[in-house]
Amino acid sequence: MPSVTLNSVSGDSFVNVRKLSAGRYLHGTSTIATIPDELLSAIFHVATHDSHDCYDAIFHATTISHVCQRWRNVSLSTSSLWTVIVLTFPTRRIQFFRTVDWLARSRSRPLHLYMDFRDPAWNWDEASHCFGWQNMENVMRLILPYAHRWQKVELLTDTWAPIFTFLSYTSRIKSAPMLQDVLLSRCNAFFAAKGELFRPSAMRHPVSWFGGGSAFHSLRRVSLAGVHVNWINSGLSGLLELELKYHASEVMPTLHEFCDIISACPELERLSILGWGPQIDVNVAPKQRTLYLPHLRDFAFGFIDVDYAIDLLSLFYLPALETLSLEDISSSLDPSHPCDSSRLLEYLTAAHHSCTTSFHPFPCATCGPYPLSSLRSLELHGLTSCGVSLRCFLQETATLDHLVLSGLDKPNLQAIIPDLIAAALCPSLLDLKFNDTGPTIAALLASLPVGIVRNSNSPSMRVIVVANAADSDDATHELVHLLRAAGVEAMILGNATC
């Protein structure tokens, strides 16, 4: 029996099933056994693909196939149920047996590979990790013959050896026609620290993955966290989303290589650079903006060094920008030495008014490389700056709908919170969220003057606070009372991402 999806079931089939079910109900014989195999297959497909959690896909498919003999027959003939391949640490034989079965049952369907070989008990010694290159080699020998069916590949590791093995094996792939998403993560943000070198140094040499990039035909989304490749032959072109995160600066592409990659992705919609971008020589860097991305709407930028951050931002022209995230990563890597972000905020504020069109006689905001006045969503994480710089920056975001703040120091909170609540800043704001990991409520209370009221001409606003265990109930109740008295909806959440 051919497998189907819900979309492929014809309207006539649904009508016939409805008539059949109604008839059997009238005669008192309605059971699930009356559902045709075609429709049951479609229901199973929806049930196993209803969640973004790969573990759910495994659990649901396995459960469905063990209900009864008929369900097992239908599920085994429905190839779309078996397309999510999950391998985790520690890799046991049962995982390999399951993978062999699922690769066969999925037949010619595109595959989603999710591999998480992180060890929560790892002691941060690269050589002592229990999942090494030999373990990754066993995995690659199992999945590599199916590279022509890979659609999405996710690989998370603690150390470099498994990543290096993956890159080396994929360099042999001649064609991966279905591959759309690649997400590789060496989960160690500390390599992004200023002055940190890549380790192990003997494996620093970049690998030309996927046949030197020539194997890609449909690649659209790439995330490389702590993972570098041969940037010259990366095959990174035609992307819609690109993430480069937590790399040691010495393994990043040259400015020329980076510009080639970005220029090859003119339809790019989302760009995330956390840590270091390209290696920039200030003595030879271009004096004008060279990276024009007319379709980019979402830009996340985390910086280690303010001078470098400004040099990098000066390369971009993002006229369609709607969502911006700024994060001081140095504050999380070395809390005792955070950057002063004032100059970065001042640069963006000034760039907003920098007209890039030569025939305009006066500066204007409509042609600026960073159109702050068009932003709909803004996130600021861990920024330390003078209150004036932050306030001036926010004054340019008049159309902002959503604002997320975390890790702001007390002077900055006091400089902006009263006017955010009263709508003197960001008058269109609908949601204001405080997403701190430390105590937040006491700091907010200290920033809110008694008797503050929101401007009645501005839209209703909701304040969301992710509370910490150190926040007292009395302070929480007082904050909620003050916000409601100001005409603002208050929502207090537990200390979890929402």
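About the cut-offs
Residues numbered from 1 in each chain as written. Predicted model: local features only at pLDDT ≥ 70, side-chain atom pairs only at ≥ 80, totals over all residues. Heavy atoms only, no water. Helix = DSSP H or I, 4+ residues; strand = E, 2+ residues; numbered from the N terminus. Buried < 20%, exposed > 50% of the residue type's maximum accessible area, 1.4 Å probe, protein only. Contact = heavy atoms within 4.5 Å. Areas by Shrake-Rupley, 256 points an atom, 1.4 Å probe, with all protein chains shown as cover. Pairing = 2+ DSSP bridges. Right-handed = clockwise from strand over helix to strand, strands pointing away. Phe/Tyr/Trp six-rings, centres within 6.5 Å; stacked < 30°, edge-to-face > 60°. Lys NZ or Arg CZ within 6 Å of the ring centre and 35° of its normal. Salt bridge = Lys/Arg side-chain N within 4 Å of Asp/Glu carboxyl O. Polar contact = N/O pair within 3.5 Å; in protein donor to acceptor, adjacent residues only side chain to side chain. Axes fitted to C-alpha atoms, helices over the stretch in contact; angles between N-to-C directions. Parallel < 35°, antiparallel > 145°, perpendicular 65-115°, else oblique. Nonpolar A, V, L, I, M, F, W, Y, C, P; charged D, E, K, R; others polar. pLDDT = per-residue confidence, 0-100.

## Re the overall build of the protein
- Regarding its fold elements, the protein presents 16 helices and 16 strands.
- The buried share of the protein, reckoned over its 498 residues, is 50%.
- Of the contacts made within the protein by residues no fewer than 6 positions apart, 77% connect residues no fewer than 24 positions apart.
- With an accessible surface of roughly 22,800 Å², the protein has 55% of that area assigned to carbon and sulfur atoms.

## Observations regarding the pairing of strand S4 (residues 181-186)
- Most of S4 sits inside the fold, with five of its six residues counted as buried.
- The pairing of strand S3 (residues 150-157) with S4 spans six bridges and is parallel. Looking at S4, one finds that Glu154 is bridged to Leu183.
- One crossover worth recording links S3 to the parallel S4 by way of helix H7 (residues 160-170), and it is right-handed.
- Bridge analysis of S4 against strand S5 (residues 221-225) gives five bridges, and the strand direction is parallel. Bridge pairing links Leu184 to Leu224 in S5.

## Describing the packing of aromatic side chains
- Within this structure, the stated rule accounts for 19 aromatic pairs.
- Ring geometry for Tyr292 against Tyr317: centres 5.2 Å apart, planes inclined by 25°, an arrangement best described as stacked. In this pair, Tyr292 is assigned in strand S8 (residues 291-292) and Tyr317 in strand S10 (residues 316-317), connecting sequence segments 25 residues apart.
- One aromatic cluster is present, built from ring pairs that chain together Trp150, Phe166, Trp209, Phe210 and Phe216.
- A cation sits over an aromatic face here: Arg105 above Trp82, 4.6 Å from the ring centre.

## Quick look at the environment of Glu396
- Relative to the assigned elements, Glu396 resides in the loop between helix H13 (387-395) and strand S13 (402-406).
- For the pair Glu396 and Ser374, spaced 22 residues apart in sequence, the C-alpha to C-alpha distance is 9.1 Å.

## Some points on the pattern of salt bridges
- One pass over the structure, following the stated rule, counts 15 salt bridges.
- Across the pair Arg270 and Asp298 runs a salt bridge, and its minimum N-O distance is 3.7 Å. A residue pair is termed long-range when its members are at least 10 positions apart, and Arg270 in strand S7 (residues 270-274) and Asp298 in strand S9 (residues 298-303) qualify at 28 residues.
- Look at Arg270 and you get partly exposed, because its relative accessible area is 25%.
- Classification of Asp298 by relative accessible area gives partly exposed; the value is 23%.
- The structure contains a network of salt bridges with shared partners spanning Glu243, Lys245, Arg270 and Asp298.

## Topic: the side chain of Ser342
- Relative to the helices and strands, Ser342 resides in helix H12 (residues 342-352).
- Those residues within four positions of Ser342 in sequence are excluded, and the remaining contacts are Thr384, Ser385, Cys386 and Ser389.

## Quick look at the side chain of His381
- Within the element layout of this structure, His381 appears in strand S12 (residues 377-381).
- There is a polar contact of 2.5 Å between the side chain of His381 and the side chain of Ser406.
- The contact partners of His381, leaving out residues within four places of it in the chain, are Ser325, Leu326, Glu327, Asp328, Val404 and Ser406.

## Points about the packing of helix H2 (residues 37-48) against helix H3 (residues 54-64)
- At their nearest, the axes of H2 and H3 sit 9 Å apart, and the two run at 150° to each other. The angle between H2 and H3 falls in the class roughly antiparallel. Residue-level contacts link Phe44, Ala47 and Thr48 of H2 to Ala57, His60, Ala61 and Ile64 of H3.
- Tallied by class, residues from the contact of H2 with H3 come to five nonpolar, two polar and no charged.

## Things to note about the confidence of the model for the protein
- Taken over all residues, the pLDDT of the protein has a mean of 87, while the share at 70 or more is 88%.
- Confidence drops under pLDDT 50 across residues 1-11; counting only partners more than four residues distant or on other chains, this segment forms 27 contacts.

## Digging into helix H10 (residues 306-313)
- For H10, the tally of buried residues reaches six of eight residues, placing the bulk of the element in the interior.
- Of the positions making up H10, those classed as buried are Val306, Tyr308, Ala309, Ile310, Leu312 and Leu313.
- Among the residues of H10, the N-terminal cap falls to Asp305, whose side-chain oxygen and the backbone nitrogen of Asp307 are separated by 3.1 Å.

## Let's talk about unusual backbone geometry
- Cis geometry is adopted by the peptide bond preceding Pro90, which originates at Phe89 and carries an omega value of -5°.
- Within the secondary structure layout, Pro90 lies in the loop between strand S1 (84-88) and helix H5 (93-105).
- Residue Pro200 is reached from Arg199 by a cis peptide bond, and omega for that bond is 0°.
- Counting through the fold element by element, Pro200 comes out in the loop between S4 and helix H8 (209-212).
- The phi dihedral of Tyr246 falls on the positive side, at around 55°, and the residue is not glycine.
- Tracing the backbone through its elements, the reader meets Tyr246 in the loop between strand S6 (241-245) and helix H9 (255-263).
- Judged by relative accessible area, Tyr246 falls into the partly exposed class, the value being 22%.
- A positive phi is found at Cys426, a non-glycine position, where the angle reads about 50°.
- Residue placement: Cys426 occurs in the loop between helix H14 (410-422) and strand S14 (431-434).

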